[in-house]
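# Examination of the molecular architecture
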2 protein chains.
Amino acid sequence: MRNDEGGVQPVQSVDRAVGILEFLARRGDAGVTEIGVELGVHKSTASRLLATLEARGLVEQSGARGAYRLGAGLIRLAGAGAAQLDVAQAAREVSAELAAELGETVNMAVLDEDAAMNVSQARGSAAVAVQNWVGRRTPLHASSSGKVLLAFAPDAVRRRVLARPLARCTPATITDRRVLDRELAEVRARGWAATQGELEVGLNGVAAPVVTAGGELVGAISVSGPAYRLDAARFAAVAERVVAAAGSAGAVLG
Amino acid sequence: MRNDEGGVQPVQSVDRAVGILEFLARRGDAGVTEIGVELGVHKSTASRLLATLEARGLVEQSGARGAYRLGAGLIRLAGAGAAQLDVAQAAREVSAELAAELGETVNMAVLDEDAAMNVSQARGSAAVAVQNWVGRRTPLHASSSGKVLLAFAPDAVRRRVLARPLARCTPATITDRRVLDRELAEVRARGWAATQGELEVGLNGVAAPVVTAGGELVGAISVSGPAYRLDAARFAAVAERVVAAAGSAGAVLG
DNA sequence: TCCTAGTGTTGCGTGATGCGCAACGACGAG
DNA sequence: CTCGTCGTTGCGCATCACGCAACACTAGGA
């Protein structure tokens, strides 16, 4: 059976095991039989794959025979993974400086299929939110880094995202794709994007693309904060700083 | 070939694939041949396992034939995993409150083999450090949450850790196991642990165990900050708040 | 309290998959 | 320019992963 990804035949049991992890990431927790149905394999196969993942700490089971969920071993791996990502490393210092300068939360995001995923985070002194954004995915049409990634993505990616209904996150979310297309054209023209309460009510953001010397888009740096501090009048000035920080990160990456 | 973990025979290729991820977490990056040697398999086997992991985003390769490293897909999974952990969820609210109250960074850690691993983090207004501790592991003898986890761990765990040389992280690190044993007895007696520059110079911490109603140790909550703010004179007062927060988290877990 | 249905686990036999070998192309160092 | 090493891939084969069947356990309903 061919999982047509990357043109080569994957190792079937590894592919299934990762499928289990992705299912549990979406679903929260699930039983053996349910996981077997989801993967299209026998429940005894699912049970053995889960036992292997559990032995390595990537999943854990509640009780002796209960549901499975993602485990702490995954966090250990990802902690190492996040620290090692090129874009995360490149962003670390410039994000810290930007956070200190502007006093708001700064994130580095990469394009992850049809979403923006945060891979690094720095927080300024004014930020009181305790939420960890690393690993979190935001919709491409409703977040500032998402708009940047969408604006500068290959045409195929933009067409795929714009082909689907644009989910409304708040009353301010752009859900008309022609409106979004025009906004993305503006983003490309001026080199930065902004949101005003489109992802969360009262949350504004400004983002700029991180591009390597070879012209490859590798991520986006964004600053976000409450609208009463990061209001539209400040967007141009903040954008100037974000674009500069993104430029520094891009230079580091070659 | 039997990987004697949990008594059952693991699925060999899944076990190997996870072994690759763990090796890359330790090593940073590595080539196909090196990974094959590390796992004790042929390089073509390693190449196929890596291709499957890469197709799913868990690893990425630099250039067409370059070294492999952990990928963004792992961070996505772990972002979901961290959010879903019982201990992380239980700690979220109490950590946020504690961070707001004390103004310092609060972490929740679990015992992860021979280290303390942070699974959740909240930062107070005074904290300016931008480092993300989630996924990071600290030595059990040199961090406050590590001392708590060690003090209240089963005897077998404590014996295993104390059997090894205790690595010196700073000049203040306790490396004499009899001194550490006495300190762990004090931790058990008073119900909290503290460190003074033992993990990092100038960094102090206070931690308390999170125990379920059934008496099971599931983690430790810690507060950390620079020595000039979180000095020894404040330890008892801070400990009182941390013990209370840990008690709340334990109550949530049943 | 008892019965039934469904779940998760495990022994076993089978065939499909994962594996190693060999060969090849690419790349870097001398 | 040559050589050694790396990563990739086709191929054949043996081992491993798989499904089936059976069992123990648990929860819910009568």
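Residues numbered from 1 in each chain as written. Chains lettered and ligands numbered in written order. Predicted model: local features only at pLDDT ≥ 70, side-chain atom pairs only at ≥ 80, totals over all residues. Heavy atoms only, no water.

### Side note on the sheet that holds strand β2 (residues 59-61) of chain A
Residues and elements named next belong to chain A. Read across the open sheet, the three strands follow the order β1-β3-β2; overall the sheet is antiparallel. Looking at the sheet topology across the chains shown, the edges are occupied by β1 (29-30) and β2. Taken together, the two bridges between β1 and strand β3 (residues 68-70) define a ladder with antiparallel strand orientation. In the strand pairing of β3, Asp29 is matched with Arg69. (Pairing = 2+ DSSP bridges. Helix = DSSP H or I, 4+ residues; strand = E, 2+ residues; numbered from the N terminus.)

### Examining the side chain of Glu183 of chain A
Residue and element names in this part refer to chain A. Tracing the chain through its elements places Glu183 in helix α8 (residues 177-190). Within the local environment of Glu183, its side chain forms a polar contact with the side chain of Lys147, the two groups lying 2.6 Å apart. Excluding residues within four positions of it along the chain, Glu183 makes contact with Lys147, Ile174 and Ala194. (Polar contact = N/O pair within 3.5 Å; in protein donor to acceptor, adjacent residues only side chain to side chain. Contact = heavy atoms within 4.5 Å.)

### Brief notes about the protein's contact with DNA strand D
Looking at DNA strand D, there are 22 residues lining it, with Arg16 and Thr45 of chain A together with Gln12, Thr33 and Arg65 of chain B nearest. Between DNA strand D and Arg16 of chain A there is a distance of 2.6 Å, counted from a phosphate oxygen to a side-chain nitrogen or oxygen. At 3.1 Å, a side-chain N or O of Lys43 of chain B approaches a base nitrogen of DNA strand D. Among the secondary structure elements, those contributing two or more residues to the surface near DNA strand D are α1 (12-27) and α3 (43-55) of chain A together with α1 (12-27), α2 (32-39) and α3 (43-55) of chain B. Across the surface near DNA strand D, the residue classes tally to five nonpolar, eleven polar and six charged. (Near = heavy atom within 4 Å. Nonpolar A, V, L, I, M, F, W, Y, C, P; charged D, E, K, R; others polar.)

### Re the relation of the copies chain A and chain B
For the pair chain A and chain B, the relating rotation is 180 degrees, the translation along its axis is 0.1 Å, and the fit reaches an RMSD of 0.2 Å. What we have between these two chains is a two-fold relation. Relative to the rotation axis, the closest C-alpha in chain A is found at Val14 of chain A, a distance of 2.4 Å. Both copies share a contact surface, since 100% of the interface residues of chain A are interface residues in chain B too. (Least-squares fit on C-alpha atoms with pLDDT ≥ 70 in both.)

### Focus on the domain arrangement of chain A
Along its sequence, chain A is organised into domain 1 (12-76) and domain 2 (85-253). Once you take the C-alpha centre of each, domain 1 of chain A and domain 2 of chain A turn out to be 33 Å apart. (Domains from an automatic or database assignment.)

### What about the sheet that holds strand β4 (residues 105-112) of chain B?
Residues and elements named next belong to chain B. The antiparallel open sheet is built from six strands, whose spatial order is β6-β5-β4-β9-β8-β7. The sheet terminates laterally at β6 (137-139) and β7 (193-196), the two strands that pair on one side only. The sheet shows a mean angle of 30 degrees between the axes of neighbouring strands, direction not considered. Relative to strand β9 (residues 217-226), β4 runs antiparallel, the two sharing five bridges. Residue Val106 lies in a different strand from β9, and its bridge partner there is Val223. Its contacts with the sheet place helix α9 (residues 235-252) against β7, β8 (203-211) and β9, and it is angled at close to 35 degrees to β8. (Axes fitted to C-alpha atoms, helices over the stretch in contact; angles between N-to-C directions.)

### Comments concerning the pattern of salt bridges
Under the defined criterion, the tally for this structure stands at 26 salt bridges over all chains. Ionic pairing is found between Arg158 of chain A and Asp155 of chain A, a salt bridge with its closest N-O pair at 2.5 Å. Here Asp155 of chain A and Arg158 of chain A lie together in helix α7 (residues 155-163), a separation of three residues that amounts to about one turn. The closest approach of N and O atoms between Glu38 of chain B and Arg26 of chain B, which form a salt bridge, is 3.2 Å. (Salt bridge = Lys/Arg side-chain N within 4 Å of Asp/Glu carboxyl O.)

### Notes on the pairing of strand β9 (residues 217-226) of chain A
Residues and elements named next belong to chain A. Counting buried positions along β9 gives nine out of ten residues, so the element sits mostly inside the fold. With nine bridges connecting them, strand β8 (residues 203-211) and β9 associate as antiparallel partners. The residue bridging Gly205 from the neighbouring strand is Ser224, located in β9. The turn linking β8 back onto β9 is made up of five residues, and Gly215 within it adopts a positive phi angle of 90 degrees. (Buried < 20%, exposed > 50% of the residue type's maximum accessible area, 1.4 Å probe, protein only.)

### A word on the nonpolar core
Counting residues in hydrophobic clusters, the biggest one holds 47 residues, and the most contacted among them are Leu24, Ile35 and Leu53 of chain A together with Leu24, Ile35 and Leu53 of chain B. Contact partners of Ile35 of chain A, with chain neighbours within four places excluded, come to Ile20, Phe23, Leu24, Ala30, Ala46, Leu50 and Tyr68 of chain A. Ile75 of chain A together with Leu98, Met117 and Leu230 of chain B belong to the second largest nonpolar core, which has 35 residues in total. (Core = buried A, V, L, I, M, F, W, Y, C linked by side-chain atoms within 4.5 Å.)

### Remarks on the packing of α1 of chain A against α3 of chain B
Put simply, α1 of chain A and α3 of chain B touch, their axes get as near as 9 Å, and they point 30 degrees apart. With respect to their mutual orientation, α1 of chain A and α3 of chain B come out roughly parallel. When you trace α1 of chain A past α3 of chain B, the crossing you get is right-handed. For the pair α1 of chain A and α3 of chain B, contact is made by Val14, Asp15 and Val18 of chain A and by Leu49, Thr52 and Leu53 of chain B, respectively. In terms of residue class, the contact of α1 of chain A with α3 of chain B is built from four nonpolar, one polar and one charged. (Parallel < 35°, antiparallel > 145°, perpendicular 65-115°, else oblique. Left-handed = near helix turned anticlockwise from the far one by under 90°.)

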